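Examination of the molecular architecture
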Amino acid sequence: MITMTPIMIDGHPFTAVSMQLPKTNFLAVMNENGYIMCGALDIALLNEKLSERKIIAGRAVGVRSIEQLLEAPLESVTLEAEARGITVGTKGRDAMLKMM
């Protein structure tokens, strides 16, 4: 099952995506500027192979719901996210607000 849900964070609109996969879940929260995801996100790939795209993204591990993704500290972030002040340890919710 795939679920796309509009959510608000401090009055700002975002889209939450949840997909149930065999033995795991895929989770993401995004807006037009960037996104955070569960452990499925390959930050090294974004920084190394896709650097010309200047992707703003962060990864949280061990999360099982959108709520946990928003509250979890990010385990890794892209170089473009760092340029926006999003660092390892930033909560997902705070990272999304810096993507506005």
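Residues numbered from 1 in each chain as written. Predicted model: local features only at pLDDT ≥ 70, side-chain atom pairs only at ≥ 80, totals over all residues. Heavy atoms only, no water.

Turning next to the pairing of strand 4 (residues 34–37). Residues in a regular strand project their side chains so that they alternate between the two faces of the sheet. As defined by bridge partners, strand 3 (residues 24–30) adjoins strand 4 across three bridges and the pair is classed as antiparallel. Within the sheet, the bridge partner assigned to Met30 lies in strand 4 and is Tyr35. The turn linking strand 3 back onto strand 4 is made up of three residues. In terms of strand pairing, strand 4 meets strand 5 (residues 56–59) through four bridges, oriented parallel. Bridge pairing in strand 5 places Ile36 opposite Gly58. (Pairing = 2+ DSSP bridges. Helix = DSSP H or I, 4+ residues; strand = E, 2+ residues; numbered from the N terminus.)

In this structure, Val29, Ile36, Leu70, Ile86 and Met96 are the most contacted members of the largest nonpolar core, which totals 22 residues. Going through the elements one at a time, strand 1 (2–9), strand 2 (12–21), strand 3, helix 2 (66–71) and helix 4 (92–98) are the ones with two or more residues in this core. By residue number, the principal contributor to this core is helix 2, which donates three residues. Ile36 has contacts with Leu27, Ala28, Val29, Gly58, Leu69, Leu70, Leu74, Gly92, Ala95, Met96 and Met99, leaving out every residue within four places of it along the chain. Counting residues in each nonpolar core, the second largest holds eight residues, with Ala28, Ile43, Ile55 and Ala57 among its members. (Core = buried A, V, L, I, M, F, W, Y, C linked by side-chain atoms within 4.5 Å. Buried < 20%, exposed > 50% of the residue type's maximum accessible area, 1.4 Å probe, protein only. Contact = heavy atoms within 4.5 Å.)

Note that Leu46 resides in helix 1 (residues 43–48). The spatial distance from the C-alpha of Leu46 to the C-alpha of Ile56 is 9.1 Å, given a sequence separation of ten residues. Discounting chain neighbours no more than four positions away, the residues touching Leu46 are Tyr35, Leu41, Ser51, Ile55, Ala57 and Thr78.

This brings us to the pattern of salt bridges. Scanning the entire structure with this criterion turns up three salt bridges. We note a salt bridge from Arg59 to Glu75, for which the minimum N-O separation is 3.6 Å. In this pair, Arg59 is assigned in strand 5 and Glu75 in the loop between helix 2 and strand 6 (76–77), connecting sequence segments 16 residues apart. Residue Glu75 is classed as partly exposed on the basis of its relative accessible area of 37%. (Salt bridge = Lys/Arg side-chain N within 4 Å of Asp/Glu carboxyl O.)

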